[in-house]
Each structure stands twice: as structure tokens, then as C-alpha cells.
Amino acid sequence: MQDKIHLESKERDILINEIKRMKLETENKKTNFAWTGDTKGHEFLFSNNLFSSLSAKISNSIIQYLKILEINTDKLDIYYQRSWATFTENKQSINFHTHSQSNLSFAYYLSKPENSGGIIFRSNELQNEVAKNIFTSSKLDKSLINKPNQYNSDRSMFDLEQDSIIIFPSKTPHATMPNSSNKPRISISGDVTIMLKDSKGFEHLMPNFKNWTKF
Ligand SMILES: [Fe+2]
């Protein structure tokens with residue numbers, strides 16, 4: 001799901017400066033890969049008060065997404081499991097990965113200059129695949145598939161503008177396009193866990209951790 005979140009330029013500048021401070025503190029050389037705060041000791045961004053207002057706005061978008069799926073949010077406790085910033089400079093990108101430990105994930109574009117790269121989603125289970133691997137790019141090269149479209153492709157790219165948020169199931173493989181701008185792309189990402197307030201009679205969703213027993 002895509003949504004828009006508006007920030008005043010003053011707040012945006014404060015958040016960007018805070019992210020630049022974290023990055024400087026933990027990175028000493030530029031690589032082909034984006035700086036991602038979750039692997040650099042900054043995986044609880046929303047416990048930083050500077051991000052409180054933004055996290056509340058993101059929570060609203062996430063609840064909207066659950067409502068589109070007609071999931072009854074009254075029955076759920078919803079948690080940010082972790083949250084972090086990503087900082088992608090020229091030619092940098094993020095390889096395909098999943099967030100297998102959570103239910104929902106998101107990317108909010110705090111700074112998204114033109115040509116700084118979109119996000120790509122890939123499906124490993126192609127509903128329209130009439131024969132195994134018939135929709136791989138080599139079949140395009142051999143002219144078996146005339147042209148890629150939304151029915152015969154295993155991936156789609158979304159190049160959203162600044163202040164957009166994209167929310168998706170955490171197990172969906174995703175990657176980012178390389179940044180071809182000279183300005184950095186800065187996003188805020190996070191993983192969300194949903195659990196039942198009361199698991200009586202339910203089999204599949206996580207029972208509330210308040211009822212768990214610690215070793
Ligand atoms: Fe990711």
C-alpha cells in the first residue's frame with residue numbers, strides 16, 4: 001500500500017541531521033551498499049524522541065493498510081519491533097532480502113531526490129506461470145515472451161516521491177535500485193509485529209507475549 005505523510009521542512013531537517021550524525025558515528029568508508037541503521041546499532045530509531053511525531057503518523061498509515069485487508073485491528077496489539085534509517089549515496093543499492101522475523105514492513109522516503117532509485121518487489125510464487133521458468137528474462141531474449149507486463153513478470157518497481165510511504169508484508173523479497181543521483185536517498189524503515197489481544201480459539205496468529213512463559 002502507498003500513502004503520503006507530510007512533514008514540515010524544519011522537522012525533516014532535524015531528522016536528516018540526526019541520521020547523518022548516526023551514520024558518521026558508525027561508518028568509515030563508502031561501499032556499493034547503502035548504510036542501513038539496523039545493522040549498525042541503530043535499530044530502535046522510534047525510541048528516539050525526535051522521531052515520535054513521525055512514528056505516530058506511520059502508525060496511522062499501517063492501521064489503514066490493515067483495514068484495507070479487512071483485518072479487525074480491535075483484536076490486535078501492534079508493535080514496532082525495530083525501526084531504522086537507510087542512507088543511499090550515488091551508485092549504492094540494497095540487494096534482495098526479506099524481513100522474515102516480522103509481519104509488516106515499510107519504507108518512508110524522508111529524502112527522495114529525482115533518480116535516486118525505487119524499490120523492487122519480487123514474487124517467488126508466480127500465479128500465472130503456465131510452465132516452470134517461462135517468465136524468466138532469458139525467455140524474453142529468445143522472443144518466447146513478446147514483452148513483460150504485470151501478468152507475466154516476477155517483479156515490479158515503485159519509484160515513489162518524497163514523503164511517500166510503502167507498506168508491505170515482511171516476507172516479500174525486496175531490493176532497491178541503485179541511486180543514480182548525486183544526492184542521497186534517505187528512508188525510514190521498520191518492522192511491525194501483530195499479535196492477538198486474546199488468542200482463545202485462534203490457531204495462526206501470534207498469541208500475546210504477555211501470556212508467554214520465560215525459561
Ligand atoms: Fe528491507
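For clarity, every value in this text was computed on a predicted model and none was experimentally measured.

Thresholds applied
Residue positions are given per chain, counted from 1 along the sequence in the order it is written. Two thresholds apply to this predicted model, a pLDDT of at least 70 for residue-level local features and 80 or more for giving and counting side-chain atom pairs, whereas whole-chain, interface and lining totals are computed over all residues. Side-chain figures throughout are based on the complete set of non-hydrogen atoms in the structure, without hydrogens or water. Under the DSSP-based scheme used, a helix requires at least four consecutive residues in state H or I and a strand at least two consecutive residues in state E, with every element numbered from the N terminus. Per-residue and other accessible areas follow the Shrake-Rupley method at a 1.4 Å probe size, with only the shown protein chains counted as cover for residues. We score Asp and Glu as negative and Lys and Arg as positive, and we do not count His or the chain ends. Lysine's charge is taken at NZ, arginine's at CZ, aspartate's at CG and glutamate's at CD. Coordination shells were defined by N, O and S atoms within 2.8 Å of each metal, extended to 3.2 Å for Na, K and Ca; water is absent from the atom set, which can make sites look incomplete. Only protein chains enter the calculation, and the probe is 1.4 Å; a residue is then buried if its accessible area is under 20% of its type maximum, exposed if over 50%, and partly exposed in between. Whenever a carboxyl oxygen of Asp or Glu lies within 4 Å of a side-chain nitrogen of Lys or Arg, that contact is scored as a salt bridge.

(A) Up close: the overall build of the protein. The number of helices and strands found in the protein is 3 helices and 10 strands. Taken along the three principal axes of its C-alpha coordinates, the protein extends 55 × 50 × 35 Å. Counting every atom, the protein has about 13,000 Å² of accessible surface; 51% of that belongs to carbon and sulfur. Distance between charge centroids for the protein: 4 Å, based on 28 positive and 24 negative side chains.

(B) Main features of the coordination of the iron ion. For the iron ion, every protein donor is listed as His 97 (NE2), His 99 (NE2) and His 174 (NE2), and the spread of their distances is 2.1 Å. Counting gaps between the donor residues of the iron ion yields the pattern H-x1-H-x74-H. Take His 97: its relative accessible area is 29%, and that puts it in the partly exposed class. Looking at His 99, the relative accessible area reads 6%, which means it is buried.

(C) Structural view of the pattern of salt bridges. Taken as a whole and judged by the stated rule, the model has 12 salt bridges. The salt bridge partner of Asp 163 is Arg 12, with a shortest N-O separation of 2.9 Å. Remark: Arg 12 occurs in helix α1 (residues 9–26) and Asp 163 occurs in the loop between β7 (155–158) and β8 (164–169); sequence separation between them is 151 residues. Across the pair Asp 77 and Lys 210 runs a salt bridge whose closest N-O atoms are separated by 3.8 Å. With Asp 77 in strand β3 (residues 76–88) and Lys 210 in the segment after β10 (185–196), this residue pair connects regions lying 133 residues apart in the sequence. Since its relative accessible area comes to 58%, Lys 210 is described here as exposed. Each member of the salt-bridge network shares a partner with another, and the members are Glu 18, Arg 21 and Glu 25.

No statement about biological role is implied by the geometric values presented.
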